[in-house]
Amino acid sequence: MIRHLYVHIPYCVAKCPYCDFNSLAGREEEYSAYVDALLREADHLEGGPYETIFIGGGTPSILPPALLKKLLAGLRERLQLADDYEWTMEANPGSVDAERFALAAAYGINRLSLGIQSVHEHHLRFLGRVHSVDEAERALALATTTFPRVSADMIVGLPEQSVAEIVEEIAWYQRHGLRHASIYHLAYEPGTEFYARHRRGELKDIDAETSLAILDAVEQGMKSLGMQAYETSNYAVPGEESRHNLGYWRQHDYEALGAGAVSTVKGERLTRQEHPARYIEALDGREDLYRKREHLSAAEVLRECWMLGLRLAEGVSLRRLEDLGDAKERWQPLVDELSDWGLLELSDGHIRLSAAGRRLQDAVTVKLLPD
């Protein structure tokens, strides 16, 4: 039974220079046809019950209220939700208002993920964000009075960012009583404006010492708020974790709707047409809906088990490794060696990174991957 569904809204007010997600600025004339296409694709889904739904982007909150209502009502008509469901929607502070939030809550959204990214104006400008700190304040205050669960994103490791600024960010989280945070270190991803500027020498990496100090400040600050790092970039008060994202990291099957959206069901990974116009044409019968079809081999599933599991605080399940045919004789010597170096811990039927191991996560993961 498929328990998770992702719905992609590929539109934004402006394309952020660091973003490598499938998103486009403008194209307002396309919104209505896109929502119709999403609902046509939803007609072919299993009815559920779905334990989690996640509407991401792009910027889902960019949809005009009438179209947002049409989308949410249409999904409710077509899909059955589990009794204890989690339904998340992403939103940006520059494209939210009381009407949109009220609509979302009325149709069943019970978790909001808000793209704050920074509470310093100069960093927001550097990141190309279209909202101000004041707008972030108002959006978060409105969100916390409308939805039972709210998360906020933050980007760290920005050029010239200081530890003192991180302390101020943490205090902002505390003031708003947040119980979940997604905190990402800036990376210059291929295909982004920042990547091109970095290649030209216009942007420099933050120095390693400051980067580590910032990550230490994040870790200590989150602990002071009662949040634990349950995944590499995600912190939560116990019980407030994103159940939808845990489904990905635990390799559950999941369905998807929308341009560029990826689903994985029974070992088949399907990637939909990336451009929203081609996606709409596919749902009109004029294009193949899928631009990529992959059948995951046993070796690929096993490698993903290690890569995803080591991102989680709970670690990689020994039972899962056994089910996937990864012989203990292969990985045990490697785990013993890395444990002796203080980088891994083996307990409660799981292999997990230690605090020191998280600093070297990529290198440790590569060492443990099967050939």
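Refer to the structure printed above.
Residues numbered from 1 in each chain as written. Predicted model: local features only at pLDDT ≥ 70, side-chain atom pairs only at ≥ 80, totals over all residues. Heavy atoms only, no water.

A. Examining the overall build of the chain more closely. A tally of regular secondary structure across the chain gives 15 helices and 17 strands. Taking 371 residues into account, the globule formula puts the C-alpha radius of gyration at 21 Å, and the chain, at 21 Å, falls close to it. Dimensions of the chain, computed from the C-alpha atoms along their principal axes, are close to 60 × 45 × 45 Å. Expressed as a percentage of its 371 residues, the buried residues of the chain come to 52%. Contacts spanning at least 24 positions in sequence make up 69% of the contacts within the chain whose residues lie at least 6 apart. (Helix = DSSP H or I, 4+ residues; strand = E, 2+ residues; numbered from the N terminus. Rg over C-alpha atoms; globule rule 2.2 N^0.38 Å. Buried < 20%, exposed > 50% of the residue type's maximum accessible area, 1.4 Å probe, protein only. Contact = heavy atoms within 4.5 Å.)

B. Region of the structure containing the sheet that holds strand β12 (residues 262–265). An order of β12-β13-β14 is seen for the three strands of this open sheet, with the pairing classed as antiparallel. A strand with exactly one partner marks an edge of an open sheet, and here the two such strands are β12 and β14 (290–295). Averaged over all pairs of adjacent strands, the angle between their axes in this sheet comes to 15°, without regard to strand direction. Of the pairings in the sheet, the one linking strand β13 (residues 268–272) to β14 comprises five bridges and is antiparallel in character. Counted as the bridge partner of R272 is Y290 from β14. (Pairing = 2+ DSSP bridges. Axes fitted to C-alpha atoms, helices over the stretch in contact; angles between N-to-C directions.)

C. Just helix α1 (residues 31–42), in detail. If you check α1, its first and last C-alpha atoms are 17 Å apart, about what twelve residues at 1.5 Å a residue would give, namely 16 Å. Among the residues of α1, Y31, Y34, V35, A37, L38, L39, E41 and A42 are the ones counted as buried. Looking at the buried side of α1, the elements it contacts are β1 (4–9), β2 (11–12), α2 (65–78), β11 (255–257), β13 and α10 (276–283). (Expected span 1.5 Å × (residues − 1).)

D. Here's a closer look at the pattern of salt bridges. Taken as a whole, this structure holds 26 salt bridges when the rule is applied. The closest approach of N and O atoms between D36 and K70, which form a salt bridge, is 2.6 Å. Here K70 lies in helix α2 and D36 lies in helix α1, a separation of 34 residues in the sequence. For R78, the salt bridge is made with E77, and the minimal N-O distance between the two is 3.8 Å. Salt bridges sharing partners connect three or more residues here, namely E86, R149, R179 and E240. (Salt bridge = Lys/Arg side-chain N within 4 Å of Asp/Glu carboxyl O.)

E. Representation of the side chain of N92 within the structure. With respect to the helices and strands, N92 occurs in the loop between β5 (81–91) and α3 (98–106). Side-chain polar atoms of N92 contact the side chain of T59, separated by 3.1 Å. The contacts of N92, once residues within four sequence positions are left out, are T59, S61, L114, G115 and R129. (Polar contact = N/O pair within 3.5 Å; in protein donor to acceptor, adjacent residues only side chain to side chain.)

F. Structural detail: the packing of α2 against α3. Running from N to C, α2 and α3 cross one another at 10°; their axes reach a closest spacing of 10 Å. Compared by their axis directions, α2 and α3 come out roughly parallel. Contacts from P65, L68, K69 and L72 in α2 reach E99, R100, L103 and A104 in α3. Residue composition of the contact of α2 with α3, grouped by class: five nonpolar, no polar and three charged. (Parallel < 35°, antiparallel > 145°, perpendicular 65-115°, else oblique. Nonpolar A, V, L, I, M, F, W, Y, C, P; charged D, E, K, R; others polar.)

G. Molecular detail of unusual backbone geometry. In the segment running from G57 into G58, the intervening peptide bond is cis, with an omega of 20°. As for its placement among the helices and strands, G58 is situated in the loop between β4 (50–57) and α2. A positive phi is found at R27, a non-glycine position, where the angle reads about 65°. Notably, Q117 is not glycine yet its phi reads approximately 75°, a positive angle.

H. Molecular detail of the nonpolar core. Membership of the largest hydrophobic core comes to 69 residues, with the highest contact counts inside it found for I55, L75, Y173, M222 and M227. The biggest single contributor to this core is α1, with seven residues. In this structure Y173 touches A152, D153, M154, L178, H180, A181, M222, L225 and M227, once residues within four positions along its chain are discounted. Grouped together as the second largest cluster of nonpolar side chains are 17 residues, W306, L334, L344 and L369 included. (Core = buried A, V, L, I, M, F, W, Y, C linked by side-chain atoms within 4.5 Å.)

I. The pairing of strand β8 (residues 180–185), seen in detail. Inspection of the sheet shows strand β7 (residues 149–156) paired to β8 by five bridges, in the parallel sense. When the bridges of β8 are listed, D153 appears paired with S182. Crossover handedness for the path β7 to helix α6 (residues 163–175) to β8: right-handed. One ladder, built from three bridges, connects β8 with strand β10 (residues 234–236); its direction is antiparallel. From the neighbouring strand, A181 faces β10, where its bridge partner is Y235. (Right-handed = clockwise from strand over helix to strand, strands pointing away.)

It is worth stressing that arrangement in space is one thing and function is another; only the former is reported here.
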